[in-house]
Amino acid sequence: MYCVQKMKDDLYYVGGSDRRLALFENIYPIPRGVSYNAYVVRDEKTVLLDTVDQSVAPLFFENLTHVLGSRGLDYIIVNHMEPDHSATLKETMQRYPFAKVVCNAKTLPMIRQFFGKVDDDRVVIVKEGDELCTGRHTFTFVMAPMVHWPEAMVTFDKTDGVLYSADAFGTFGALSGNLYADEVNFERDWLDDARRYYVNIVGKYGIQVQVLLKKAGTLPITMICPLHGPVWRENLGWFLEKYDRWSRYEPEEKGVVIACASIYGDTELACQVLGTMLSERGVKDIALYDLSSTDVSVVLSESFRRSHLVLAASSYNGGVFTPMENLLNDLKAHNFQNRTVAVLENGTWAPSAGKCIRAALEGMKNLQVLDGLTVRSALHDDQLPALEALADAIAASLREEA
């Protein structure tokens, strides 16, 4: 049985959603699932824009068969070769042996790496600015290297103003029937997943995203069709502004993330006291995360969201407790920058966490690192003034930035 959504007179959604997958890319928790989007244009020539992950292959092929009816498939446009969008490409080519694969020069070697021999006469190689006319529609191709693979590109339908944006502007989360972002409460129900998707999947490549945004700014876009999540047809500027801010590594909000790696709870208690002190100083946006129980992808995303970050960790084996080490590695790998950071360490016999944290921060750009605090085993009354001073410094920094 098929499940197709008609978007325009000749444009159809033929993708599907997976609610059973626990980890996207076998690393990022997706409790709300994920969608794999694909689109068909029924023009004088028929066009499929990207395929899907193997998990939704049966539905995808039912959808494709229903939309095409008695017609064949003329073109398969491959915007992105990552397996969650290309795993069914080979079978699609086999089912439609006369369909031409439209891709760029960096994509073809990847197709052959995944699927083996592909004859040259089945492939149409395109480059920046090339056009493909299918009758009423004219598609033009815009290269988007490292957003977030080197072969990535986006396809713009000049006729209807539709941007098929590959992994750009996507989000975690399965679709429940509502295809469009304006049909759901996106800010309440989807924005956190969109941010976490961007930061963890694309966040390292802010410069490349800025290049793509500048290219997109020259196009008369009326609709954005990503490969994951809802389609945008209203209020595009609101979401584009989010991408612009995220890719410039600027915080969305003035607030504090306290990332805590505590072994027996004493470090966490010091963090809770610090949070209370910040609240007493008028700080309203405070989020405290236990790094042992909260997935690092969430803390990374929330660190990108807010302006200030407190890194609090126990010392461990002459270094830093492993959950904090994991967060530091992810912060560095995703180009974390332009923030104010404070360090709180704990150690019973040889405090070492603070030194390790500061060494990791030295490799990141444009960070203001505040004077930190060392707790010896547990927080005591005689250390409260030092913790008060740290709270004062964070609150003062927030006021200055505001």
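Residues numbered from 1 in each chain as written. Predicted model: local features only at pLDDT ≥ 70, side-chain atom pairs only at ≥ 80, totals over all residues. Heavy atoms only, no water.

**Student:** It is not clear to me how the sheet that holds strand 8 (residues 46-49) should be interpreted in this structure. Could you clarify?
**Tutor:** Whenever strands of a sheet pair, they do so through backbone hydrogen bonds, lying parallel or antiparallel. Strand order in the open sheet made by the seven strands is 1-2-7-8-9-10-11, with mixed pairing throughout. This sheet does not close on itself; its edge strands, each paired only once, are strand 1 (5-8) and strand 11 (123-125). Put simply, the sheet's adjacent strands are angled 25 degrees from each other on average, direction ignored. Where strand 9 (residues 75-77) meets strand 10 (residues 100-103), three bridges bridge the pair, whose relative direction is parallel. When the sheet's bridge partners are listed, isoleucine 77 is paired in strand 10 with valine 102. (Pairing = 2+ DSSP bridges. Helix = DSSP H or I, 4+ residues; strand = E, 2+ residues; numbered from the N terminus. Axes fitted to C-alpha atoms, helices over the stretch in contact; angles between N-to-C directions.)

**Student:** Explanation requested: helix 10 (residues 296-305) in the structure shown.
**Tutor:** Because each turn of an α-helix spans 3.6 residues, side chains separated by three or four positions in sequence point in the same direction. Of all 10 residues in helix 10, eight are buried, a share of seventy percent or more. Within helix 10, burial applies to Ser297, Val299, Leu300, Ser301, Glu302, Ser303, Phe304 and Arg305. (Buried < 20%, exposed > 50% of the residue type's maximum accessible area, 1.4 Å probe, protein only.)

**Student:** Before we go on, may I ask you to explain the packing of helix 6 (residues 191-202) against helix 8 (residues 236-247) in this structure?
**Tutor:** Helix-helix packing is characterised by the crossing angle of the two axes and by the distance between the axes. Their axes nearest at 11 Å, the elements helix 6 and helix 8 cross at an angle of 40 degrees. Of the possible angle classes, the one that applies to helix 6 and helix 8 is oblique. Handedness of the helix 6/helix 8 crossing: right-handed. Touching Leu191, Ala194, Arg195, Tyr197 and Tyr198 of helix 6 are Trp238, Phe239, Lys242, Tyr243, Trp246 and Ser247, all from helix 8. Among the residues forming the contact of helix 6 with helix 8, the class breakdown is eight nonpolar, one polar and two charged. (Parallel < 35°, antiparallel > 145°, perpendicular 65-115°, else oblique. Left-handed = near helix turned anticlockwise from the far one by under 90°. Contact = heavy atoms within 4.5 Å. Nonpolar A, V, L, I, M, F, W, Y, C, P; charged D, E, K, R; others polar.)

**Student:** Looking at this model, I keep getting lost on the sheet that holds strand 14 (residues 153-157). Mind explaining?
**Tutor:** Here we have five strands laid out as an open sheet, ordered 12-13-14-15-16, and mixed in their pairing. Each end of this open sheet is capped by a strand with a single partner; those strands are strand 12 (131-133) and strand 16 (223-225). When strand polarity is set aside, the average angle formed by the axes of neighbouring strands in this sheet is 20 degrees. Inspection of the sheet shows strand 12 paired to strand 13 (residues 138-143) by three bridges, in the antiparallel sense. Opposite cysteine 133, over in strand 13, you have threonine 138 as the bridge partner.

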